[in-house]
Structures are given as C-alpha cells and as structure tokens.
Amino acid sequence: MPHLQSLPSPNKLYVAMVGLPAMGKSVIAYKLQDNLYNLGLSARVFNNGEVRRRLFPENTSHAEFYDPNNAKLVALREDIALINMYEAKDFLNNESGNVAILDATNVSAPRRHKIIAHLSDHPILFVECRNHDADLYAASVARKTKLSEFAHLSTEEAQASFEARIRHYRSIYCPLDTDGSGTDGCPPGAKGPENYVIVDSLNHRIITEHLLNEPPYYGLLRDLLVSDWVKGLSLIRHGETEFNRENRIGGDPRLTDKGRQQARLLAAHFRDRHISSVVTSTLRRTREMADILLEGRPEVERYALKEFDEIDAGVCDAMTYDEVRQLRPGIWESRKADKYNASYPGGESYASMKERVERGVKKALYLSGNAENLVIIGHQAVNRMILSHFLLRREEDVPYVYIPQDRYFHIVSTQSRKLVELLPF
C-alpha cells in the first residue's frame, strides 16, 4: 500500500503545455496562472527556458543546442526539464500550491512519458496549442528573436536561428492525438496521455478533448481556455480626416491638422501610462495616429492588421453620403432599411465584416500576450463591431453605436470583472 503522502491530492494539478515554438503556449500558460490567482487559487508557471537561462547564462540560443541528434545536448535539455518538473513538484507539495503549469514544448512522446513518470503524485492535464495563422506565426517568431539571448545576433541571424530551432522541434513532434500508426512523427504504437485537450490558441476553441477521468479544476480551466480575456483594452478611433470633414465614405485619407492635434492630445493623455502594444489597420489615418501616440516610445510593439481596415464601400468608396443618396438611391434605401445586412456593391456590409473584425481582435489579443495595456486604433464601423461584442448590442443597432473621435473606450473583460467605459482625452 502506498504511503499516504504519495496519494494524488484532490486539489492539486499539473498542467503540462505542449506545442511547437510560437504556438501561444506561454500566452495561455500565463492567462491560466493569472486568472486562477484572481479566483483565489495558488497557481504558478514553470518555464523550461527560464531555468535554462538561469543555469546557463552563456549563449544557449544557437539552433545546435536543440539538435535532437546531439546526445550530449539532449541530455542537458532533459536535465533542465527535470529541474523544472521538480520545482513545480516542490511548489505543489511544500508551498501549498494548487496548480503548477509546465511551460515548455514537450512535443516528444519520451518527454511526456518522463513528465508522467516523475509527476505521478498529482493528476496531470496536457494542453496542446496549435495555431496555423501565418501572420501570427511570423509575429511570434519576430517577438521571440528580440529576447536578450539573441542580442548578440542581427535580426536576420536571430530569425534564422530560431527558425532552425523550430525545425529541430518539428522533427520530433508527436501530437497528443497520435493514432499510433507511426506516420505522424510518433513512435509506432504511441498513445496520447490519459487526460488532454488540444486548443486552437488563436480562436480559443477546443479541437480535441480526451478525458479518461476529469482532473481537478477542469470545468474552470476549460472555461478559461475558450474565453477571450481582455485585461485592459483602449479602443480608439482615428482623428479627423478630410473625408470626415466632407462626409465621404472610405478611402485612405491622411489626418487633418485637427486630426493630428487630436492625436497629440491622445499622446499627452497616455504619456505616463504604460502601453504594451498598439494595433492599427493598414490605412494611413490609423497609422498616423499611432505614429504620434508612440513618439519617443520605441519599446512599444506595434502591428498593422488588414482585419481592422474600415468597411469596404465598394462602388461607393470616396463618395459623400449625399452623392450615394442621389446617384445610388437603391443602395441608400437598402442601407436605410437594414444597415447591418445591406452590402455596398463590390464591398461589405456590417454582417460580412464581422468575422474578419473578430479575427482581428483575437490576433491583437494574441500578439499582446494578453497584456494589460493594449491599444487598438481603428475606424468607425470597425470599432462599432468590436464594441458591440462587449456591449451585447442587437445586430440592427450595431451600425449606430456612438464612436467619437475625441474619446476612447476602456474595456476589461475577464472571469471576475466586466467593464466598458467611455473616457475623454
């Protein structure tokens, strides 16, 4: 009969992340940690890379360090993983922790077997992250190469090194839902662990759920995995443009003098506030707004996403609303009758742009790493779509949500707090 202390505890859990680099594992790991902490549970992330950098401050960023055919370096990496496991084990057993989150690739079947063998004192839930968005993959790789361990390399050298590291991991990658055939990179006959979920880390969607027995806190963890988590979003509309003055639709105009002054007021408002990242559309008016906001702040990450481009006005692009009413009365009447669903010929409706805007929000949150101070600079229709998600507006009311150019919306949406407030700048 096993010693009483070795029996699995009903309120202790290991969460082992799985996935190739740049798949969003750390974003999800820290999202789980912070939310669990806010809900009164003791949770902590244990990252293999942090152990490696702590124990081996000399350069271990070179791709050869991750070569699965180099037995000496494989043994060293396994020692690092084992140290991390036992630090997690100590947290659960000696520091009254509830959830220890192992943040590492863990892509090989032997590594996962080692986790199961050494952490048999409490249940283990494996969480594999997958993400097939090319833009996010490129942005994640670029962000990784800015870590201090790549500081001795040029941007091009750092990216090449990290891409080579990913290829090494890909060569030993065995998905959790292996079928045992040996054709998916896994050893023939390999099986997935007892309890695992596979997550689309961009869309917060469960791809596969495999539970032979439900681990502690699973209902809560599952809810966190599929939830958008907005710790702090400032949703801003670009400043005035000539098109705004002339009541024209769409186009790619620049800011007016008034618009640039609005941008300077915004910058002054945020001068003493931390900004983690700024996401704009690809159009000039939002990028000019960001240029002024971020003057003297080179450390702030910025991204331009097509998903946040203004509604496509098709044949009505650059026309005034009066011109649409006079020259395209059919379009005018259809939008008057049902503005949400009526499309501009050759363009979009609110309904048809919804999917791309929602995808943009998920990308922005992903790129920010769920940081607390994300800024999105968008357009009237785009910001209406974003805001309606948090305001729970009826579809027919979305095209009329008030989006001023001298105020912004501050949004928080977590498990424990919901807030939307309109603030001046």
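Residues numbered from 1 in each chain as written. Predicted model: local features only at pLDDT ≥ 70, side-chain atom pairs only at ≥ 80, totals over all residues. Heavy atoms only, no water.

A. Region of interest: the overall build of the chain. When you go through the chain residue by residue, the secondary structure sums to 14 helices and 12 strands. When burial is assessed residue by residue, the chain has 52% of its 425 residues classed as buried. In the chain, the proportion of contacts linking residues at least 24 apart, taken out of those at least 6 apart, comes to 69%. If you sum the accessible surface of the chain, you get close to 19700 Å²; carbon and sulfur atoms cover 50% of it. When the 55 positive and 57 negative side-chain charges of the chain are each reduced to one mean point, those points stand 2 Å apart. (Helix = DSSP H or I, 4+ residues; strand = E, 2+ residues; numbered from the N terminus. Buried < 20%, exposed > 50% of the residue type's maximum accessible area, 1.4 Å probe, protein only. Contact = heavy atoms within 4.5 Å. Areas by Shrake-Rupley, 256 points an atom, 1.4 Å probe, with all protein chains shown as cover. Lys, Arg positive; Asp, Glu negative; His and termini not counted. Charge placed at Lys NZ, Arg CZ, Asp CG, Glu CD.)

B. The sheet that holds strand S4 (residues 124-130), seen in detail. Pairing is mixed across the open sheet formed by 6 strands, whose spatial order is S2-S3-S1-S4-S5-S6. Of all the strands in the sheet, just strand S2 (43-47) and strand S6 (205-211) have a single pairing partner and so form its edges. Ignoring strand direction, the axes of neighbouring strands in this sheet form an average angle of 20°. Here strand S1 (residues 13-18) runs beside strand S3 (residues 99-103); their pairing, made up of 4 bridges, is parallel. Directly across from Tyr14, in S3, lies its bridge partner Ala100. Across the sheet, helix H3 (residues 71-94) touches S1, S2 and S3, and the angle it forms with S3 is around 170°. (Pairing = 2+ DSSP bridges. Axes fitted to C-alpha atoms, helices over the stretch in contact; angles between N-to-C directions.)

C. Representation of the pattern of salt bridges. Counted by the stated rule, this structure contains 31 salt bridges. In this structure, Asp252 engages Arg284 in a salt bridge whose closest nitrogen and oxygen atoms are separated by 3.6 Å. Here Asp252 is found in the loop between helix H8 (242-246) and helix H9 (257-269), whereas its partner Arg284 is found in helix H10 (residues 284-293), with 32 residues between them in sequence. For Arg284, a relative accessible area of 29% gives the class partly exposed. (Salt bridge = Lys/Arg side-chain N within 4 Å of Asp/Glu carboxyl O.)

D. Structural context of the packing of helix H13 (residues 350-368) against helix H14 (residues 380-391). For the pair H13 and H14, interaxial distance at closest approach is 9 Å and the crossing angle is 70°. Classified by the angle their axes make, H13 and H14 are roughly perpendicular. Listed contacts from H14 to Tyr350, Met353, Lys354, Val357 and Val361 of H13 are Ala381, Val382, Arg384, Met385 and Ile386. Here the contact of H13 with H14 is built from residues that sort into 8 nonpolar, no polar and 2 charged. (Parallel < 35°, antiparallel > 145°, perpendicular 65-115°, else oblique. Nonpolar A, V, L, I, M, F, W, Y, C, P; charged D, E, K, R; others polar.)

E. Main features of the packing of aromatic side chains. Evaluated as defined, the whole model comprises 6 aromatic pairs. Their ring planes at 45° and their centres at 5.8 Å tell us that Tyr66 and Tyr169 sit as a pair that is tilted. Taken together, the residues span a long stretch of sequence, with Tyr66 in the loop between helix H2 (48-55) and H3 and Tyr169 in helix H6 (residues 155-171) at a distance of 103 residues. Overall, the relative accessible area of 4% leaves Tyr66 in the buried class. (Phe/Tyr/Trp six-rings, centres within 6.5 Å; stacked < 30°, edge-to-face > 60°.)

F. Inspection of H9 at higher detail. In this model H9 runs 18 Å from its N-terminal to its C-terminal C-alpha over 13 residues, within 8% of the 18 Å that 1.5 Å per residue would give. Residues of H9 that are buried include every one of Gly259, Gln262, Ala263, Leu266 and Ala267, and no others. Along H9, the residues classed as buried sweep out an arc of 145° about the axis, all on the same side. Elements in contact with the buried residues of H9: strand S7 (230-237) and H10. (Expected span 1.5 Å × (residues − 1). Arc of directions from axis to C-beta.)

G. Representation of helix H7 (residues 218-225). Within the span of H7, buried status applies to Tyr218, Leu221, Leu224 and Leu225. Here the buried residues of H7 occupy an arc of 125° about the axis, which is enough to place them on one side. Of the surrounding elements, those touching the buried residues of H7 are S1, helix H1 (25-38), S4, strand S5 (195-200) and S6.

H. Geometry of the sheet that holds strand S11 (residues 407-413). The mixed open sheet is built from 6 strands, whose spatial order is S9-S8-S10-S7-S11-S12. The open sheet terminates on both sides in strands that have one partner only, identified here as strand S9 (301-304) and strand S12 (418-424). Each strand of the sheet is rotated relative to its neighbour by a mean of 20°, with strand direction disregarded. Relative to S11, S7 runs antiparallel, the two sharing 5 bridges. Considered in S11, the bridge of Ser234 is made with His410. Running over the sheet, H10 touches S7, strand S8 (277-280), S9 and strand S10 (374-378) and is turned about 140° from S10.

I. Up close: the confidence of the model for the chain. Residues with a pLDDT of 70 or more make up 97% of the chain, whose mean pLDDT is 92. This stretch, residues 1-8, has a pLDDT under 50; its non-local contacts, to residues over four places away or in other chains, come to 7 contacts. (pLDDT = per-residue confidence, 0-100.)

J. Quick look at the side chain of Glu288. When you line up the elements, Glu288 lands in helix H10. Of the residues examined, Glu288 reaches a relative accessible area of 14% and is grouped as buried. Among the polar contacts listed, one links the side chain of Glu288 to the backbone nitrogen of Leu255, at a separation of 2.8 Å. Beyond its immediate sequence surroundings of up to four residues, Glu288 is in contact with Arg254 and Leu255. (Polar contact = N/O pair within 3.5 Å; in protein donor to acceptor, adjacent residues only side chain to side chain.)

K. Broad picture of the state of the cysteines. Under the defined criterion, the tally for this structure stands at 1 disulfide. Between Cys174 and Cys186 runs a disulfide, and the two sulfur atoms are separated by 1.9 Å. Torsion about the S-S bond of the Cys174 and Cys186 cystine: about 105°, corresponding to right-handed handedness. Residue Cys174 is located in the loop between H6 and S5, and its partner Cys186 is located in the loop between H6 and S5; the two are separated by 12 residues in the primary sequence. With a relative accessible area of 1%, Cys174 lands in the buried category. For Cys186, a relative accessible area of 4% gives the class buried. Here Cys129 is not cross-linked by a disulfide; its sulfur's nearest cysteine counterpart is in Cys174, at 16 Å. For Cys129, a relative accessible area of 2% corresponds to the buried category. (Disulfide = S-S within 2.5 Å.)

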